[in-house]
Amino acid sequence: MQKTNTPTLAGYVVTAVLAGLLTGCGMLTAQQGGGEKQPVAKEKQAVELANSADSAEPASTGDGGDSETGGQAGAPAEQGTVIAGREVKTGGADLTVEITGLKRQGRLSTLTFTVTNKGDTRWEMSSNMGDTPAGLGLTVAGISLVDPVNGKRYTVARTGTPPTKAKCLCSDYDVWTEPGEVLPLHATFAAPPPDVTKINVDLKVLGVFTDVPIS
């Protein structure tokens, strides 16, 4: 399981993306991806991330799968104050889910959240938060932001070509979450328009959190 909390790397990615935009490296478009353990060259990654960042789609529901690939680019923003949370029971496990931040960073937005196994049964996460058609099973690539007012769904930013050379700008995780374990997770999306101050966060098997504030 990959757990990083280096805010300076996230800042670097955002700076690189904006630099690519200013030098005419491409328009932002929706893109699908897969999983790989190591990022591509930094220059190529910055351009591809810019091309995938504006991945807003018409709102719709999705489901998970059972791929075992992971290892994603980027680093989470720091975990902050809890802005939304609930108790969740899934797969026989008792979990506490807390959203600790949804912050704009230029043309991107970063979601941070934690999942705590509060019970005495380990949780088999499998690929319940992943995007298996894109080869991103053991990641949170399947979660999304949903703007119900404008009817748009923002998918996790990703780069590369599926299914073997793509990655998401998000966390990966292990299949099992043990009792007492706390998972800090993150995902980066295109930023919604400035007039959107609250949005729904769809965490798939963990449920939908409505009216989450964007800072």
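What this report covers is the structure whose coordinates are included nearby. Residue positions are given per chain, counting from 1 as you read along its sequence in written order. Local features in this predicted model are restricted to residues of pLDDT 70 or higher, and side-chain atom pairs are both shown and tallied only at a pLDDT of 80 or more, whereas totals for entire chains, interfaces and linings draw on every residue. Side-chain metrics rest on all non-hydrogen atoms present in the structure, leaving aside hydrogens and water.

Let us now look at the overall build of the protein chain. Each helix is a run of H or I in the DSSP string that is no shorter than four residues. Each strand is a run of E no shorter than two, and both are numbered from the N terminus. Helices and strands together make up the secondary structure of the protein chain, namely 2 helices and 13 strands. Note on exposure labels: buried denotes an accessible area under 20% of the residue type's maximum, exposed denotes more than 50%, and partly exposed covers the range between, all computed with a 1.4 Å probe on protein chains only. The buried share of the protein chain, reckoned over its 215 residues, is 50%. For this analysis, residues touch if any pair of their heavy atoms sits within 4.5 Å. The long-range share in the protein chain, meaning contacts at least 24 apart out of those at least 6 apart in sequence, stands at 72%.

Spatial ordering of the open sheet is given by E2-E3-E4-E11, a layout of 4 strands whose pairing is antiparallel. Of all the strands in the sheet, the pair left with one neighbour each is strand E2 (84-90) and strand E11 (182-190). Taking the axes of each pair of neighbouring strands and ignoring which way they run, one obtains an average angle of 25° across the sheet. By the convention used here, strands pair only if DSSP detects at least 2 bridges between them. As paired strands, strand E3 (residues 93-105) and strand E4 (residues 108-117) are joined by 10 bridges and run antiparallel to one another. Of the residues in E4, the one forming a bridge with Ile99 is Phe113. With axes taken as lines fitted to C-alpha atoms, and helix axes fitted only over the stretch in contact, angles between N-to-C directions fall between 0 and 180 degrees.

Turning next to the side chain of Ser109. Residue placement: Ser109 occurs in strand E4. Nitrogen and oxygen atoms within 3.5 Å of one another constitute a polar contact, given that in protein one can donate a hydrogen and the other can accept it, and given that sequence-neighbouring residues count only through two side-chain atoms. A distance of 3.3 Å separates a polar side-chain atom of Ser109 from the backbone oxygen of Ala190. Among all residues touching Ser109, those that are not within four sequence positions of it are Lys103, Arg104, Leu145, Ala187, Thr188, Phe189, Ala190, Ala191 and Pro192.

Phe113, Met129 and Ile143 are the most contacted members of the largest nonpolar core, which has 38 residues in total. Mapped onto this core, the elements with two or more residues apiece are E2, E3, E4, E11, strand E12 (198-202) and strand E13 (208-213). Only buried residues count toward a nonpolar core, which is a set of Ala, Val, Leu, Ile, Met, Phe, Trp, Tyr and Cys residues joined through side-chain atoms within 4.5 Å.

Function cannot be read off these values alone, since they describe shape.
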